[in-house]
Structures are given as C-alpha cells and as structure tokens.
Amino acid sequence: MSGISAMYNDTAVLFRRSLTHSFRSPEILAGITISPVMFVLMFRYVFGGAIDVGETTYVNYLMAGIFVQTIAFGALTTAMTLANDLEKGIVDRFFSLPMARSAVLTGRTLADLLRNAFTIVVMILVGLLVGYRPGGSVADWSAALALMLVFSFAISWVGALMALAVPKVEALQQLSFVVILPLTFVSSAFVKTDTMPGALRAFAENQPVTQVVDAVRALTLDQPVGNTVTASVVWSIAILVVSIPLAAAVFRRMGTR
Amino acid sequence: MSTAPFTAQTVVEDAEAAILATGLTKNFGETCAVAGVDLTVERGTVTALLGPNGAGKTTTVRILTTLLKPDGGSATVAGHDIARSPGAVRARIGLTGQFTAIDELLTGRENLIMIGRLARMQKAAAADRAVELLARFELADDADRRAGTYSGGMRRRLDLAASLIANPEVLFLDEPTTGLDPRSRLGMWELIEELVAQGTTVLLTTQYLDEADALADEIIVIDHGRVIARGTSDTLKDEIGGERLELRLVDPARTAHASARLTAAGVEVAGAGEAEGTISVALTRGPVEIAELIQTLDRDGFTLDEVTVHRPTLDDVFLTLTGQHAEDAGDALREGRE
Ligand SMILES: Nc1ncnc2c1ncn2[C@@H]1O[C@H](COP(=O)(O)OP(=O)(O)OP(=O)(O)O)[C@@H](O)[C@H]1O
Ligand SMILES: [Mg+2]
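Figured I'd write up the structure that's included with this text. (Residues numbered from 1 in each chain as written. Chains lettered and ligands numbered in written order. Predicted model: local features only at pLDDT ≥ 70, side-chain atom pairs only at ≥ 80, totals over all residues. Heavy atoms only, no water.)

Our focus in this paragraph is the overall build of chain A. Looking only at helices and strands, one finds 11 helices and 0 strands in chain A. Helices and strands in chain A line up, N terminus first, as α-α-α-α-α-α-α-α-α-α-α. In terms of overall dimensions, chain A is globule-like: its C-alpha atoms have a radius of gyration of 19 Å, near the 18 Å expected for 257 residues. Based on the C-alpha atoms only, the size of chain A along its principal axes is roughly 60 × 35 × 35 Å. Across the 257 residues that make up chain A, the buried fraction comes to 52%. Put simply, 77% of the contacts in chain A that link residues at least 6 apart link residues at least 24 apart. Accessible area of chain A: about 11,100 Å², with a carbon and sulfur share of 71%. Of the side chains in chain A, 17 bear a positive and 14 a negative charge, and the two mean positions are spaced by 10 Å. (Helix = DSSP H or I, 4+ residues; strand = E, 2+ residues; numbered from the N terminus. Rg over C-alpha atoms; globule rule 2.2 N^0.38 Å. Buried < 20%, exposed > 50% of the residue type's maximum accessible area, 1.4 Å probe, protein only. Contact = heavy atoms within 4.5 Å. Areas by Shrake-Rupley, 256 points an atom, 1.4 Å probe, with all protein chains shown as cover. Lys, Arg positive; Asp, Glu negative; His and termini not counted. Charge placed at Lys NZ, Arg CZ, Asp CG, Glu CD.)

Right, let's talk about the sheet that holds strand β4 (residues 72-77) of chain B for a bit. All names here are of chain B. The sheet built from 4 strands is open, its strands ordered β2-β1-β4-β5 with antiparallel pairing. Of all the strands in the sheet, the pair left with one neighbour each is β2 (31-42) and β5 (80-81). Relative to β5, β4 is paired through 2 bridges, and the arrangement is antiparallel. Opposite Thr 76, over in β5, you have Asp 81 as the bridge partner. (Pairing = 2+ DSSP bridges.)

Evaluated as defined, the whole model comprises 27 salt bridges over all chains. The residue Asp 10 of chain A makes a salt bridge to Arg 120 of chain B at a minimum N-O spacing of 2.9 Å. One end of the pair, Asp 10 of chain A, is in helix α1 (residues 3-24); the other, Arg 120 of chain B, is in the loop between α4 (108-118) and α5 (123-136), on a second chain. A salt bridge links Asp 214 of chain A to Arg 217 of chain A; the nearest nitrogen and oxygen atoms lie 3.8 Å apart. With Asp 214 of chain A and Arg 217 of chain A both in helix α10 (residues 208-220), this residue pair falls 3 residues apart, about one helical turn. (Salt bridge = Lys/Arg side-chain N within 4 Å of Asp/Glu carboxyl O.)

The next point concerns the coordination of the magnesium ion (ligand 2). All names here are of chain B. Within the protein, the atoms that donate to the magnesium ion (ligand 2) are Thr 58 (OG1) and Gln 98 (OE1), at distances of 1.9 to 2.1 Å. Of this pair, Thr 58 sits in helix α2 (residues 57-64) while Gln 98 sits in the loop between β6 (93-96) and α4, and the two are 40 residues apart along the sequence. Here Thr 58 falls in the partly exposed class, since its relative accessible area comes to 25%. Residue Gln 98 is classed as partly exposed on the basis of its relative accessible area of 26%. (Donors = N, O, S within 2.8 Å, 3.2 Å for Na, K, Ca; no water.)

The final tally for this structure, using the stated rule, is 5 cavities of 30 Å³ or more. Of the pockets and cavities examined, the largest cavity occupies roughly 130 Å³. Counting only elements with at least two residues in the lining of the largest cavity, the list comes to β6 and α6 (152-164) of chain B. Broken down by element, the residue count for the lining of the largest cavity peaks at 3 residues, all from β6 of chain B. Of the residues contributing to the lining of the largest cavity, the split by class is 11 nonpolar, 4 polar and 3 charged. What the second largest cavity holds in volume is close to 70 Å³. Lining the second largest cavity we find Ile 90, Arg 93 and Phe 94 of chain A together with Ala 101, Ile 102, Asp 103, Asn 111, Met 114, Ile 115, Leu 158 and Ala 162 of chain B. Elements that contribute at least two residues to the lining of the second largest cavity include exactly α5 (90-95) of chain A together with α4 and α6 of chain B. In terms of residue class, the lining of the second largest cavity is made up of 8 nonpolar, 1 polar and 2 charged. (1 Å grid on protein atoms, 1.4 Å probe; cavity = no way out; pocket = protein on both sides within 12 Å on 5 of 7 lines; lining within 4 Å. Points joined across faces, edges and corners; volume = space filled by probe spheres on them. Nonpolar A, V, L, I, M, F, W, Y, C, P; charged D, E, K, R; others polar.)

This is how it looks when you write it as structure tokens:
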C-alpha cells in the first residue's frame, strides 16, 4: 500500500473506532447530548431573566456562546480519550503495527469533528424549543457552521496536544480545566465583554473563542460581522498550523524515544 | 573494501536468526534499564527472558519491537534492522505487551478486525482470520460482546489473538501468564507451544523459572539490565542444582545413619541437618527415584515425618548466580531509584 492510501485506510479505521466509542461510552454520549441540553436550559432559564443584552433576547444571544463553548469542551473529550489510549497501552499496540502512526491523531480529530457537528444540531433543536429565533440567510448559516467546524477541528488538535504533553488522565483533567475554562468563560459566550475589568476584558476581546462566538452570533442574528469572521478563520488556521506539526513531532518522537 | 568480509558474514547471520541483538543499552535518566544485552533467537525457537521486577525485560522487548529507540547497540528482527527499517520489522512481528491492551468499548471481533485492518489486511481477510482466532482462543461465544465485559483470562487471550492476526514471523510476549489462574496459565502454554510448532519464533519474558523451563529452548537470565546467565533449561539446572527432595526423619538422632545408607544406595545426598533430622537429596532420575528412595529408607526402618519436592525457583537461580535473593535485587534497585 502506498503512503497516501495507507494513511487513508488507517485514518478511516480509527475514525470509525472513535465514532463507535462516541456512541458506546456513557460519558461521551452524555457529553454530546445531555450536557449541551442542560447548558441551554440552565443559561436560558437561570440567567435569562437577569442578563440584559440589549437589542435581542438572551436566548438568541446565548446560543452562539453555547455552541462554541460545547465545541471547546469537546477538546477535553479528545484529550481524555487519547490519554486513556496512551495510558492503557493501546497506542503502543498501534505503534507495533505497520500502520501510519499519524492516523491515531487524524482518525480521532476527524471523528470529534463529526461528533461536534452532531451536538450543534442537538443544541439548535433544543434552542428552538425554548424560544431561540435566529435570523440569517442560508449563506449566513452555512458560513456560521463552517466557522464552528473549523474551530472545532483546530481546538481538538489542541486537546490532542495536551494529551501528548500530559498523558495521565487524572493530571490532564486538572490541566484542561486551567486551559479550557478561562477560554470559554472569559469570553463573549454568555455576557458582553464591556462590563469586564481592564485586563480580563482585553483578554476576553482578543481570544479565539470570543471571535468565533461573535462571528456566529452576528451571522445568525443579522448583525454586522465586522472583522470577526476573518479573525475566527485566522485564529483557527493559526491554531492548526501550530498544533498539527507540534503534535506530529511529539508523536514521532514518542515512537523513537 | 576491507570491511567486506565482515559485512557478508553479518548478512548470513541475519538471514538465519529471527532476532539478533548486540550491545543494547537504554537509560532513563539515572536508571540504567538495559546495560548491554546481546541475544540471538534462532527461527522457530522460543527464548525466555527471565528476571525479577525491574530487570529490564519490558525495556528490551520495547526496543526490539521498535517502540523505543536504544541508546546504544543494534538489532535485526525477522531480518530487518530495527533502526533503519522499523516499518519492515513491524510488518513481521506481533506484540502482546505486559499489560493487556484491548479496546474495551469494542467487541472481541471488532478488536481483532481493527488490528487486522491496521496490519494491512483486507477487510474480508481480517474478518475471516478473526473468526478463526476467536474459535481457536475459545472466544467464539463471546465474540460479539464488548471486551470490557470479559474476564481477565479472556482479555489476555484476546490480546494474544490480536497480536497473531497478521500471522507474525516473530512473536513477543511480555509476561503472557502473569495474573492468570493455573488452568488459564496451562492453556496459554499450550497455545504458545502450538504456535511454535507451526514455525513462529517467540521471545517471551517471565518471572517464573518453571514457565521458562516448560516453554523455552533457551533461557536468558537478566538482572539490572545485564545478562547474568544463559543456556538451555538443563544447563541452567545443572548450574543451580535442579530438583531436590527434602526428607525429615521422625528421629533426628538417626540422620547420619540414614544419610550414609542413601549414599550407599547410589543416591546423591546434597546435605543433612542432624538437629532437625533433615536430609536433602538431589533428584536426577525423576519421580521413580523418589519411590525407590522412600522404599530403601522404609526397608531399613527409618520412619519419615515429612517429604517435600523442592523445585528451583527464580530465587534459587539468583541465589546461585548472584548470591542475592531475587527480591533483594529488586529492592536494591528500587531503593537505588528513590
Ligand atoms: N519510561 C520509563 N521511564 C523511566 N524509567 C523507566 C521507564 N521504563 C522503565 N524504566 C525503568 O527501567 C528499569 C527496567 O524496567 P523494565 O520495565 O524494563 O523492567 P521489567 O524487567 O519489565 O520489570 P517487571 O517485571 O516489573 O515488568 C526499571 O528500573 C524501570 O523503573
Ligand atoms: Mg516488564
């Protein structure tokens, strides 16, 4: 088998494996169904009355934030499942086979992309049930979905990188909290950034989650997008350009350490 | 070129031996895990790496299976250099690691097919081979159950089946029977013997002398990353004294007398303890000898209190070879690391 077709075969095999995991692991299944639904309902009904976002209803404002937050949390699933494979020796077993090693990462991140797409659909449906009334044309929505999926792919490579850096499930849990939580909460996902104090606000307004949230929000609520779409694309590509070669290098080194 | 004859000779050796390693070394920080291991495993034979915890068994296996790059030394496996053509090595080996590595969320069958597909098999071929292996490993009835629901022994069998899916030339088994009950252990031995009969070369690691004895053509004893002895099971036993029969007389005062009587009957008395009335006999002819010996003593009116057969253990090997108990060697190593 040539390099490319081997890579394709192995990616397909491990893509299917990760996908199967998503439907069989109670944790992952809950992560892609129950928890996003809970988030939508909680924010909608708990904070919905208290937070005034001006021109639109809170649930309309909120949904873009929930989409992106869920995607970012999805990186934790990528990280945990990979760390588990490393810890349990499954990666060793793969590495003793004549396979394309990088498929361990590409198969997983691609499956996680599909998993996130599924979750977004679930959230849209739940949102519609509780008063989400977005605007936007088909083109706007296509662009919004594309932005989210590219970001999803990028952030799951960050998850993979975290797992390679800290291949112990327990320690990883701590690390991911420190990385993912600030990214999602110190952002425009749930509240407007202009009420935040100086340094926090500067971080919130310039970090990738806010850019993606703002772009998706503007596209789906018929608001001016400004430079948020460009910023989202640039961020996602930048993350991919850094994390893919880095993860690949760590992976290669692992095999020949 | 002056090196030509040497190169030619090396190639001939490569073609013969399934595993040929020279001077392998590997350090982890301060710990010297492997300190210059040489080994040759001829095709179709079984070699056992015997050693206590921390001896460097797993590290050696990981180097030979291309999971770890050695700091020094070189090796060829199935005719291919582990450093220069690791892909070719991987295409010809199977590895069952020390800790079971199966996918708990997939069924037994799905596990095997996945590994087969990654080992470059066609879908149909992988599926057929999976059916064959599941039957052979007595997992056919549980083939479509998630591996996470399997018992320890079933997991170990599935793990071994996975390493066999692509018919490897050389099989690495890192402590294949640790954690198995005695019956499963014997089952695993039978499986290994069968594979060898079919021409597979096996390198296995173990902490049990009886396992190495039962399975291996050659035993390599390692400790602190070094080979401290090697040979067939028989040569090693000659060195450490083989099986012994420990006798205890009801009347300790007659110990010397009984011992002399046995010696006269051509029995090899290895030691006697007058105080406790114990006599230690080296067994050279197996169970028959035990019967004869007891009859001899009985005829002459010596009453026995206790008879035990003592088979040499890894600990005896270490005691003889290093003057240290295997556990002590391990402890010393652990302390050294702390
Ligand atoms: N990745 C690693 N990092 C640091 N030290 C290691 C690593 N792998 C092995 N070692 C050390 O190298 C030494 C040899 O370990 P190895 O696992 O090869 O022993 P072993 O003979 O397989 O022991 P066991 O019977 O316990 O499996 C030990 O001291 C171990 O702690
Ligand atoms: Mg080991």
